[in-house]
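Overview (structure and organization)
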Amino acid sequence: MSTQSDPGAPVKVRRYSGSARLNHWIMAISFVLLLLSGLSLFHPSLFFLSGFFGGGANVRWLHPWIGLVFATGFFLLFLRFLPANLPERTDFTWLGRIGHVLAGRDEYLPEVGKYNAGQKMVFWSQAILVPILLVTGFGLWTPGLEFAEQTFAFKATMDQKRLAALVHAIAAVTAIVIWIIHIYAAIWVRGTMGAMTRGTVTGGWGWRHHRRWLKDEVADGRVENKKPSPAE
Amino acid sequence: MTSFQPLDVVRKSATVTTAPPPKRDVEVAKLIDVSKCIGCKACQSACLEWNDLKEPVGTNVGVYDNPHDLTPNTWTLMRFTEWENPKSGNLEWLIRKDGCMHCEDPGCLKACPSPGAIVQYANGIVDFQKEHCIGCGYCEKGCPFNIPRISRIDNKAYKCSLCSDRLAIGQQPACAKACPTQAIMFGTKTEMIAQAEKNVGILKSRGFDKAGLYNPPGVGGTHVMYVLHHADQPNLYAGLADNPRISPLIEAWKGVSKYAGMAIIGATALFGALHYLVKGPNEVSGHDEAEAKRLAEGRK
Ligand code: HEM
Ligand code: SF4
């Protein structure tokens, strides 16, 4: 790497592979499209958002299909990120010091691995919400429901469809709130965006926010040693 | 679809009206005396003919109901029920003309997310405006009577318009005009209630002591009303709702979930903005980078 010759440049640490980032961006884009199209039907004051899709009729048929792309993307990402998101004891210590978290005093927090308790909570709440959105979304989707009813030999009652509408709306609001927190954290904690755009973060970012992860990466030889070897 | 003017509209789907609602006109109503119906389906044919609709030939499963359910083309359907009256031991053939009830408090209109796709006119008629309909099917869920149907051909919602286009030019609904027994009557709502009292009186004198008018208060009354010989058991008539009202699930979905949802989303975004203004960004320091470098280079 060219940074090796520059003593002032920070260490670069690889955080996400290209395929992980592609998976994440497919989800991110489809989520934003779902948010815009869904919210346009959610409240009359937001109906104008349907203009981005060329009108309400387009929203009606596009939204469920984007939902399928999103749900598939989420399922793959879930499997990929699951091992690093299992809860552990330090998560509770971290949560107990949420005041320090919000104040940005990382020095008072326990050393965390690849994900901190907040990130794990984003992961797990979406892991619950996406299947709910998928099932209730099918309940609201005229052709989709017809297909599901034929495939699985059942007939949804009107009250089940009404419940699906209510639950879909509540789950969507919850998912959007968590999404706002997720985006805000990525903006607030400087140096985070690079993880998803270039796949790397600086060593200092790792040291400050995910020290145990950084130590593991170094110990396993996944971080390039910056000392020029005498042979060169 | 209709010759009514914008000023005739008192309510519109997905539209917050700030101006005082226009003055209500004389309310109209259709009165269907089920005891006079002979099941000839002239009304059903007249509806197809006036509205230029065609129902594909279906299959006969041994009942008179044809087609088997309301469809995007069949806006009114005669539903036949054979009922053995436990009191008299008589077999009664109950025939009900099913279709939109034109509720004073319309569930479809409350559920519809598309501005102006469903309107209520000053005379009480609830009408779908095809050009604004997006085919989402929310109206089906909002309706307490299971009436609207979404066409899988053009993805628009359809139901009885109470012949709003005929009324606008001073004609009565096509079904009422076609009915040979005057089982279907049409007039102002006040007239029709008075008419119903007469018909109920006749039924009572014939021994139907539970005869009565079906004008359910749960939906604020309807602009299509029935005279029933067993008004204490509307459900006998092919499952007519005993006590129709907009489902609490719909009320919650279209009420509290919207306000709370918008407020919670807004509050979260506001919290983020304030947090950033007060705390500023969480930045990696030069010290952090130096420590990382030391670690990476294996120095102690
Ligand atoms: C996971 C797969 C999903 C499917 C199959 C799905 C399907 C649907 C369907 C069928 C509707 C009714 C309108 C229409 O026909 O387009 C709808 C409404 C909606 N969706 Fe989704 N959706 C999914 C995911 C999401 C997600 C992730 C969000 C949040 C960003 C979301 C937010 C909404 C909202 C806000 C509404 C409007 C609800 C209302 O009118 O109250 N959906 N969805
Ligand atoms: S299908 Fe049409 S009329 Fe029915 S709720 Fe949706 S937009 Fe409104």
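Residues numbered from 1 in each chain as written. Chains lettered and ligands numbered in written order. Predicted model: local features only at pLDDT ≥ 70, side-chain atom pairs only at ≥ 80, totals over all residues. Heavy atoms only, no water.

Focus on the overall build of chain B
The cut-off we apply is this: Secondary structure elements are defined from DSSP: runs of H or I of at least 4 residues count as helices, runs of E of at least 2 residues count as strands, and each element is numbered from the N terminus. This radius of gyration counts C-alpha atoms alone. The globule rule is 2.2 Å times how many residues there are, raised to the power 0.38. Categorising residues by exposure relies on relative accessible area from a 1.4 Å probe, with only protein chains included: less than 20% of the type maximum marks a residue as buried, more than 50% marks it as exposed, and the intermediate range marks it as partly exposed. Here, residues are in contact when the closest pair of their heavy atoms is within 4.5 Å.
Helix and strand content of chain B: nine helices and 11 strands. Taking 19 Å as the expected radius of gyration for a compact globule of 300 residues, we find that chain B reaches 27 Å, considerably beyond that expectation. The principal-axis extents of the C-alpha atoms in chain B amount to approximately 105 × 45 × 40 Å. Residue burial in chain B is summarised as follows: out of 300 residues, 52% are buried. A fraction of 63% describes how many contacts in chain B between residues 6 or more apart in sequence connect residues 24 or more apart.

A short note on the site of ligand 2
Put simply, the rule is: One heavy atom within 4 Å of a molecule or strand is enough for the residue carrying it to be called near that molecule or strand. Note that Gly is not counted as nonpolar here; it falls among the polar residues with everything else outside the nonpolar set of Ala, Val, Leu, Ile, Met, Phe, Trp, Tyr, Cys and Pro and the charged set of Asp, Glu, Lys and Arg.
Near ligand 2 you find 14 residues, and of these Cys112(B), Cys133(B), Cys136(B), Gly137(B) and Cys139(B) are the closest. Looking at the shell around ligand 2, its residues break down into 11 nonpolar, three polar and no charged.

A look at the domain arrangement of chain B
The cut-off we apply is this: Segmentation of the chain into domains, including their bounds, is taken from an automatic or database domain assignment.
Here the domain parsing of chain B yields domain 1 (6-245) and domain 2 (255-296). Taking the mean C-alpha position of each, domain 1 of chain B and domain 2 of chain B sit 55 Å from one another.

Side note on the sheet that holds strand β6 (residues 126-128) of chain B
Residue and element names in this part refer to chain B. For the record, the criterion: Pairing between strands requires that DSSP locate at least two bridges from one strand to the other. In this analysis, axes come from line fits to C-alpha atoms, helices being fitted only over the stretch in contact, and the angle between any two N-to-C directions falls in the range 0 to 180 degrees.
Spatial strand order, β1-β5-β6: three strands in an open sheet with antiparallel pairing. A single partner strand is all that each edge strand has here, and the edge strands are β1 (9-12) and β6. Each adjacent strand pair in this sheet contributes to an overall mean axis angle of 30 degrees, direction not counted.

Things to note about the nonpolar core
The line we're drawing: Buried Ala, Val, Leu, Ile, Met, Phe, Trp, Tyr and Cys residues that are joined via side-chain atoms within 4.5 Å together make up what is termed a nonpolar core.
In terms of nonpolar packing, the biggest core is built from 63 residues, with Val13(A), Tyr16(A), Leu39(A), Phe81(A), Ile176(A), Leu214(A) and Trp253(B) touching the most fellow members. Once residues within four sequence positions are removed from consideration, Ile176(A) is found in contact with Phe31(A), Leu35(A), Leu39(A) and Ile265(B). Leu77(B), Met78(B), Leu162(B) and Leu167(B) belong to the second-largest nonpolar core, a separate cluster that totals 42 residues.

Some details on the pattern of salt bridges
Any two side chains of opposite charge can pair if their charged atoms end up close together. Test applied: A pairing counts as a salt bridge when a side-chain nitrogen of Lys or Arg comes within 4 Å of a carboxyl oxygen of Asp or Glu.
This structure, assessed with the given rule, holds 19 salt bridges over all chains. For the salt bridge of Arg162(A) with Asp159(A), the shortest nitrogen-to-oxygen distance reads 3.1 Å. Here the residue Arg162(A) and the residue Asp159(A) both occupy positions in helix α7 (residues 158-188), the gap between them amounting to three residues, near one helical turn. With its nearest N and O atoms 3.8 Å apart, the salt bridge here joins Lys130(B) to Asp154(B). In this pair, Lys130(B) sits in the loop between β6 and α3 (138-142) while Asp154(B) sits in the loop between β7 (149-150) and β8 (157-158), placing the two residues 24 residues apart along the sequence. Judged by relative accessible area, which is 33%, Lys130(B) ranks as partly exposed. Looking at Asp154(B), the relative accessible area reads 30%, which means it is partly exposed.

Describing empty space enclosed by the protein
All names here are of chain B. Where we set the bar: Both cavities and pockets are sets of points on a 1 Å grid over the protein atoms alone; in a cavity a 1.4 Å probe fits but cannot get out, in a pocket the set is open with protein on both sides within 12 Å along at least five of seven lines, and lining residues sit with an atom within 4 Å of a point. Grid points are joined across faces, edges and corners, and a volume is the space filled by probe spheres set on the points.
For the structure shown, the criterion picks out six cavities of 30 Å³ or more. Lining the largest cavity are 20 residues; nearest its centre among them are Lys30, Thr76, Lys97, Cys160 and Cys175. Taken together, the elements giving at least two residues each to the lining of the largest cavity come down to β2 (28-33), β4 (91-99), α5 (174-178) and β11 (224-228). Looking at the lining of the largest cavity element by element, the count peaks at three residues for β4. Here the residues of the lining of the largest cavity sort into 13 nonpolar, four polar and three charged.

Here's the deal with the environment of Phe42(A)
For Phe42(A), the location among the structural elements is in helix α1 (residues 18-42). A relative accessible area of 8% places Phe42(A) in the buried class. Along the backbone, Phe42(A) and Arg208(A) are 166 residues apart, and their C-alpha atoms lie at a distance of 40 Å. Once residues within four sequence positions are removed from consideration, Phe42(A) is found in contact with Ala169(A), Val173(A), Ser257(B), Lys258(B), Gly261(B) and Met262(B).

Regarding the side chain of His230(B)
Residues and elements named next belong to chain B. Of note, His230 is situated in the loop between β11 and α7 (248-254). Assessed through its relative accessible area of 6%, His230 is described here as buried. Discounting residues that sit within four places of it in the chain, His230 has contacts with Trp83, Asn85, Glu92, Leu94, Phe208, Lys210, Leu236 and Tyr237.

Details of the site of ligand 1
Put simply, the rule reads: N or O atoms within 3.5 Å of each other form a polar contact, as long as, within protein, one can give a hydrogen and the other can take it, and as long as residues adjacent in sequence are counted only when both atoms are side-chain atoms.
Surveying the vicinity of ligand 1 reveals 25 residues, the closest of which are His63(A), His168(A), Tyr138(B), Trp253(B) and Lys258(B). The environment of ligand 1 is shared, with nearby residues belonging to chains A and B. Contact between ligand 1 and Tyr138(B): an oxygen atom at 2.9 Å from a side-chain N or O atom of the residue. Elements represented by at least two residues in the shell around ligand 1 include exactly α1, α2 (56-81), α5 (117-140) and α7 of chain A. Among the elements that make up the shell around ligand 1, the one with the highest residue count is α1(A) (seven residues).

Here we look at the coordination of the iron atom of ligand 1
Residue and element names in this part refer to chain A. Note the cut-off: Any N, O or S atom lying within 2.8 Å of the metal counts as a donor, with the limit raised to 3.2 Å for Na, K and Ca; because water is left out of the atom set, some sites can appear incomplete. For four-coordinate sites, all angles between 85 and 135 degrees define a tetrahedron; for four- and six-coordinate sites, opposite donors beyond 155 degrees with the remaining angles between 65 and 115 define square planar and octahedral shapes respectively, and all other cases count as irregular.
Within the protein, His63 (NE2) and His168 (NE2) serve as the donor atoms for the iron atom of ligand 1, at 2.0 Å. Coordination at the iron atom of ligand 1 is octahedral, judged from the six donor atoms that bind it and the angles of 85 to 179 degrees they form at the metal. Taken as a pair, His63 in helix α2 and His168 in helix α7 lie far apart in primary sequence, 105 residues in all. Residues His63 and His168 agree in their burial class; the two are buried.

Quick notes on the interface of chain B and chain A
Quick note on the threshold: As a working definition, buried area equals the accessible area (1.4 Å probe) given up by two parts on being put together, with both sides summed.
Listed by partner, the interface residues are 46 residues for chain B and 57 residues for chain A. Buried area between chain B and chain A, summed over both chains or domains, comes out near 4700 Å², and the portion from carbon and sulfur atoms is 67%. Per-residue buried area on chain B facing chain A is highest for Ile134(B), Lys141(B) and Asn282(B); these three make up 15% of the total on that side. A salt bridge links Asp288(B) to Arg208(A), with the nearest nitrogen and oxygen atoms 3.5 Å apart. In this assembly, chain B and chain A are joined by 20 residue pairs in polar contact (both at pLDDT 80 or more). The set of elements that each furnish at least two residues to the side of chain B that touches chain A consists of α3, α7, α8 (256-279) and α9 (286-296) of chain B. Broken down by element, the residue count for the side of chain B that touches chain A peaks at 12 residues, all from α8(B). Its residues placed into classes, the side of chain B that touches chain A shows 22 nonpolar, 12 polar and 12 charged.

Observations concerning α5(A)
This is how it is decided: Take the number of residues in a helix, subtract one, and multiply by 1.5 Å to get its expected span.
Here α5(A) spans 34 Å end to end across 24 residues, near enough to the 34 Å set by a 1.5 Å rise per residue. Looking at where α5(A) begins, the residue whose side-chain oxygen comes 3.0 Å from the main-chain nitrogen of Gly118(A) is Asn116(A).

Brief notes about α2(A)
Basically, it comes down to this: In this scheme, the bend at a residue equals the angle between the axes fitted to the seven residues that finish there and the seven that begin there.
The end-to-end C-alpha separation of α2(A) is 36 Å, in line with the 38 Å expected for 26 residues at 1.5 Å each. Along its length, α2(A) reaches its greatest deviation from straightness, about 30 degrees, at Leu62(A), and the proline Pro64(A) lies no more than four positions downstream.

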